[in-house]
Amino acid sequence: MMPLSKPALPAIPSGLLLINKPRGWRSFDVVRYFQHMTSMKKIGHSGTLDEAATGLMVLAFGKDTSSLSTLINYPKSYLFRMVLGSASDTLDTQGSKWTWSKVCLEDISEEHLKHCIKDKFTGTIDQIPPIFSCLKKDGKRLHEYARKGQDVSIEPRKITLHSLRLIALIKQSYYPQLVLEVHCSSGTYIRSLARDLGACFGLKSHLADLCRCSIGPFHFSQALPPRAIKSITELKQSLISSQGLS
């Protein structure tokens with residue numbers, strides 16, 4: 001008796017998929033979810049989001065993974081909340097070592113921050129990336145040095161802040177908080193931006209929440225959470241073309 005053959009999976013056309021990554025999912029978890037659904041290995045994405053972050057990821061399937069080099073270099077926009085007066089070794093809420101600084105609410109004003117943004121956070125600037133990152137130095141990722149407690153010099157990198165807008169200054173909390181929206185070049189670290197904005201007030205600070213709103217022409221309002229797509233048929237209906245990317 002001949003063994004029963006497995007039914008053939010429906011063919012997955014090449015294309016792009018806009019995903020709104022939930023909090024608690026790693027970027028790899030999103031890719032793996034669709035690899036398991038489709039049995040495809042050739043699935044990539046347009047840039048990692050930290051596990052605690054939410055927002056837009058653009059997945060590429062099949063031959064359209066070649067478009068990722070273009071997608072990765074697109075400018076991006078983020079909505080983020082930062083806390084003044086406390087900082088961690090990872091520059092966000094995931095750190096294990098924390099430091100604090102005394103906060104004087106009278107010294108914190110919208111006018112001062114807007115002046116600082118105009119003077120120091122507009123156009124092309126130098127930014128020092130976080131040591132807890134995947135950037136490499138001398139063949140090793142920076143987070144490898146950090147986890148071993150090794151000191152390492154981190155060279156600043158050129159980034160471009162196309163716009164940085166204060167949405168809210170919240171003083172009615174244990175530590176004051178800022179909510180901002182930024183439109184920036186690829187390669188910008190929002191954790192580092194939060195650190196440097198805190199320094200405008202002479203304070204330690206950390207990134208508390210982050211949502212990636214857009215990547216080039218794509219916006220997270222167009223995106224679906226991963227589990228909203230439960231079948232290959234639904235996946236095929238959600239794919240969009242990569243034609244016209246440049």
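1. Looking at the overall build of the chain
Counting its regular elements, the chain contains 6 helices and 13 strands. Here the C-alpha coordinates of the chain stretch approximately 80 × 40 × 35 Å along the principal axes. For the chain, with 246 residues in total, the buried portion stands at 46%. When the accessible surface of the chain is summed, it comes to about 13,400 Å², and 54% of that surface belongs to carbon and sulfur atoms. The positive charge centre, built from 32 side chains, and the negative charge centre, built from 20, are 8 Å apart in the chain.

2. Quick look at the nonpolar core
Membership of the largest hydrophobic core comes to 47 residues, with the highest contact counts inside it found for Phe34, Phe80, Phe121, Leu180 and Leu197. Listed in part, the 11 residues of the second largest apolar core include Leu16, Leu18, Leu56 and Ala223.

3. Quick notes on the pattern of salt bridges
On inspection of all chains with the given rule, the structure shows 9 salt bridges. Glutamate 110 serves as the salt-bridge partner of lysine 114, at 3.8 Å between the closest nitrogen and oxygen. Highlighted residues: lysine 114 and glutamate 110, both in helix α3 (residues 110-120), separated by 4 residues, approximately one helical turn. The exposure class assigned to lysine 114 is partly exposed, which follows from its relative accessible area of 47%. Arginine 165 is the partner of glutamate 181 in a salt bridge, and the nearest nitrogen-oxygen pair spans 2.9 Å. With glutamate 181 in strand β11 (residues 177-184) and arginine 165 in strand β10 (residues 157-170), the pair connects residues that are 16 residues apart, well separated along the chain. On the basis of relative accessibility, which here comes to 30%, the residue glutamate 181 falls in the partly exposed class. On the basis of relative accessibility, which here comes to 46%, the residue arginine 165 falls in the partly exposed class. Linked through salt bridges whose partners overlap, the residues forming this network are Arg23, Arg81 and Asp209.

4. Things to note about the state of the cysteines
Applying the stated criterion across every chain yields a total of 1 disulfide. Linked covalently through their sulfurs, cysteine 116 and cysteine 200 form a disulfide whose S-S length is 2.1 Å. Judged by the sign of its S-S torsion, about -55°, the bond between cysteine 116 and cysteine 200 is left-handed. One end of the pair, cysteine 116, is in helix α3; the other, cysteine 200, is in the loop between α5 (190-199) and β12 (205-215), with 84 residues separating them in the sequence. Here cysteine 116 and cysteine 200 have matching classes, each one buried. In this structure cysteine 104 is not part of a disulfide, and its nearest cysteine sulfur, from cysteine 200, lies 17 Å away.

5. A few points about unusual backbone geometry
Phi is positive for serine 39, which is not a glycine, with a value near 65°. For serine 39, the location among the structural elements is in the loop between α1 (27-38) and β2 (43-45). Unusually for a residue other than glycine, leucine 91 sits at a positive phi of about 70°. With respect to the element layout, leucine 91 can be found in the loop between β5 (86-88) and β6 (98-100).

6. Focus: the confidence of the model for the chain
Here the chain averages 91 in pLDDT, while 94% of its residues score no lower than 70. Long-range and interchain partners of residues 1-7, a stretch whose pLDDT sits below 50, account for 0 contacts in this model, where long-range means more than four residues apart.

Parameters at a glance
Residues numbered from 1 in each chain as written. Predicted model: local features only at pLDDT ≥ 70, side-chain atom pairs only at ≥ 80, totals over all residues. Heavy atoms only, no water. Helix = DSSP H or I, 4+ residues; strand = E, 2+ residues; numbered from the N terminus. Buried < 20%, exposed > 50% of the residue type's maximum accessible area, 1.4 Å probe, protein only. Areas by Shrake-Rupley, 256 points an atom, 1.4 Å probe, with all protein chains shown as cover. Lys, Arg positive; Asp, Glu negative; His and termini not counted. Charge placed at Lys NZ, Arg CZ, Asp CG, Glu CD. Core = buried A, V, L, I, M, F, W, Y, C linked by side-chain atoms within 4.5 Å. Salt bridge = Lys/Arg side-chain N within 4 Å of Asp/Glu carboxyl O. Disulfide = S-S within 2.5 Å. pLDDT = per-residue confidence, 0-100. Contact = heavy atoms within 4.5 Å.

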